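Understanding the architecture of this molecule
Letter by letter, the chains look like this.
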Amino acid sequence: GMVLRIGAGVTLAIMFAGVKWAAQHGVGGVESLFYRQLGTALAALLFVGFGPGLDSLRTKRITGHVVRMGIGVVAMGFNFLSFALLPMAEATAIGFSVPIFSTLLAAILLGERTGPWRWGAVLFGFIGVLTIVQPGSNHIALTGGLVALAAALTTAMATIAIRRLGATEAAATTVFWFGASSLIPRGLAMPFVGQAHSGDVFAVLAVMAVAGGVAQLFLTGALRFAPVSLVMPMDYLSLLWSSLLGFLVFSQLPSHWTLIGAPIVIAA
């Protein structure tokens, strides 16, 4: 579960770099979400086709998948917007509050054992997040910071929904139904928001979609094999990948507050 979560961090960094680059080249949020979910559904379909077979996609938990889809689409929208509004390192660092929210929700909703050490780590991590965000200052755009925090909270909620589905559903089944069901509202919107783009832009969208699909398989598999509070801290390594891509693609480096706050959160 931990190895899968690390792999998810790498592929998610690639996906968010693609989202940010596409946004700078005229691709709207709904378009990015549509192509991302298309990649998710196709990745799950290919995985199932070469593995357990299409029969494994059968499910009796339609309601659970619909709830997971609704939460996931909202979370993804906030995440995409946060990376469009903020530098990659800052958006990723604020996203580190996901394990804080996930640990709290897992204790409340799933009854997972959360002792004083984990609660202490949650508090210590929150201090690190506040160091990065610097509320009341002009360190980062207020709107971007609030969107990033909303993304973290809704991502944590999606994590709990995935964990619940993982009790009976295979990873590929959960991923496929998430991608396929969320394509319906996005597909209905595409005739109104979809645009023609250059070959370069569509190539980046393709990479973003594939990376997103693979990441979703890794994320869901990790939560199936290990507890939420164990796999989520692996996300802290994603600051390395995001900082590297932010520098190579966008010539952006983490601010000094991020360099101070992120190690605090990682230590937590």
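Residues numbered from 1 in each chain as written. Predicted model: local features only at pLDDT ≥ 70, side-chain atom pairs only at ≥ 80, totals over all residues. Heavy atoms only, no water.

**Points about the overall build of the protein chain**
Each helix and strand counted, the protein chain has 12 helices and zero strands in total. If you line up the protein chain on its principal axes, its C-alpha atoms span 50 × 50 × 30 Å. Of the contacts formed within the protein chain by residues at least 6 apart in sequence, a portion of 91% connects residues at least 24 apart. Within the protein chain, one finds 13 positive and 7 negative side-chain charges whose respective centroids are separated by 11 Å. (Helix = DSSP H or I, 4+ residues; strand = E, 2+ residues; numbered from the N terminus. Contact = heavy atoms within 4.5 Å. Lys, Arg positive; Asp, Glu negative; His and termini not counted. Charge placed at Lys NZ, Arg CZ, Asp CG, Glu CD.)

**Quick word on a nonpolar patch on the surface**
Side chains of Leu244, Phe247, Leu248, Val249 and Leu253 sit close together on the surface and give an oily, nonpolar patch of about 510 Å² of accessible area. Here valine 249 lies in helix α11 (residues 238-250). (Patch = residues over 30% accessible without salt bridge, like charges linked within 9 Å, V, L, I, M, F, W, Y side chains within 5 Å. Areas by Shrake-Rupley, 256 points an atom, 1.4 Å probe, with all protein chains shown as cover. Salt bridge = Lys/Arg side-chain N within 4 Å of Asp/Glu carboxyl O.)

**So, the side chain of glutamine 216**
Relative to the assigned elements, glutamine 216 resides in helix α9 (residues 199-225). When near neighbours in sequence (up to four residues on either side) are disregarded, glutamine 216 contacts Arg36, Thr40, Arg68, Ile162, Val175 and Phe178.

**Concerning the packing of aromatic side chains**
Taken as a whole and judged by the stated rule, the model has four aromatic pairs. On the basis of an interplanar angle of 85 degrees and a centroid distance of 6.0 Å, the ring pair of phenylalanine 16 and phenylalanine 80 is categorised as edge-to-face. Of the two residues, phenylalanine 16 is situated in helix α1 (residues 2-24) and phenylalanine 80 in helix α3 (residues 62-85); the sequence distance between them amounts to 64 residues. Accessibility expressed as a relative area gives 10% for phenylalanine 16, which makes it buried. Take phenylalanine 80: its relative accessible area is 4%, and that puts it in the buried class. Here the aromatic rings of phenylalanine 34 and tyrosine 35 are separated by 5.5 Å at their centres, their planes lie at 75 degrees, and the arrangement is edge-to-face. The burial state of phenylalanine 34 is the same as that of tyrosine 35; both residues are buried. Members of the aromatic cluster, each reached through a chain of ring pairs, are Phe16, Phe80 and Phe83. (Phe/Tyr/Trp six-rings, centres within 6.5 Å; stacked < 30°, edge-to-face > 60°. Buried < 20%, exposed > 50% of the residue type's maximum accessible area, 1.4 Å probe, protein only.)

**Re the nonpolar core**
Counting residues in each nonpolar core, the largest one holds 45 residues, and the members touching the most others are Met15, Phe16, Phe80, Ile94, Phe96 and Leu205. In terms of residue count, α1 provides more of this core than any other element does, seven residues in total. When residues no more than four places from it in sequence are discounted, the contact partners of phenylalanine 96 are Asp235, Tyr236, Ser238, Leu239, Ala262 and Val265. Ranked by size, the runner-up nonpolar core spans 12 residues in total, among them Leu105, Ala156, Ile162 and Val231. (Core = buried A, V, L, I, M, F, W, Y, C linked by side-chain atoms within 4.5 Å.)

**A short note on the confidence of the model for the protein chain**
Taken over all residues, the pLDDT of the protein chain has a mean of 83, while the share at 70 or more is 98%. Here helix α10 (residues 228-231) stands out as the element of the protein chain with the lowest mean pLDDT, 76, in contrast to α1, whose mean of 91 is the highest. (pLDDT = per-residue confidence, 0-100.)

**Points about unusual backbone geometry**
A positive phi angle is found at serine 251, which is not glycine, with a value near 55 degrees. Along the polypeptide, serine 251 turns up in the loop between α11 and α12 (256-267).

**Re the packing of α1 against α11**
Contact geometry for α1 and α11: axes closest at 9 Å, N-to-C directions at 30 degrees. Taken as axis vectors, α1 and α11 run roughly parallel relative to one another. Between α1 and α11 lies a crossing of right-handed hand. Of the residues in α11, those touching α1 at Ile6, Gly9, Val10, Ala13, Ile14, Ala17, Lys20, Trp21 and Gln24 are Ser238, Trp241, Ser242, Leu245, Val249 and Phe250. Its residues placed into classes, the contact of α1 with α11 shows 10 nonpolar, four polar and one charged. (Axes fitted to C-alpha atoms, helices over the stretch in contact; angles between N-to-C directions. Parallel < 35°, antiparallel > 145°, perpendicular 65-115°, else oblique. Left-handed = near helix turned anticlockwise from the far one by under 90°. Nonpolar A, V, L, I, M, F, W, Y, C, P; charged D, E, K, R; others polar.)

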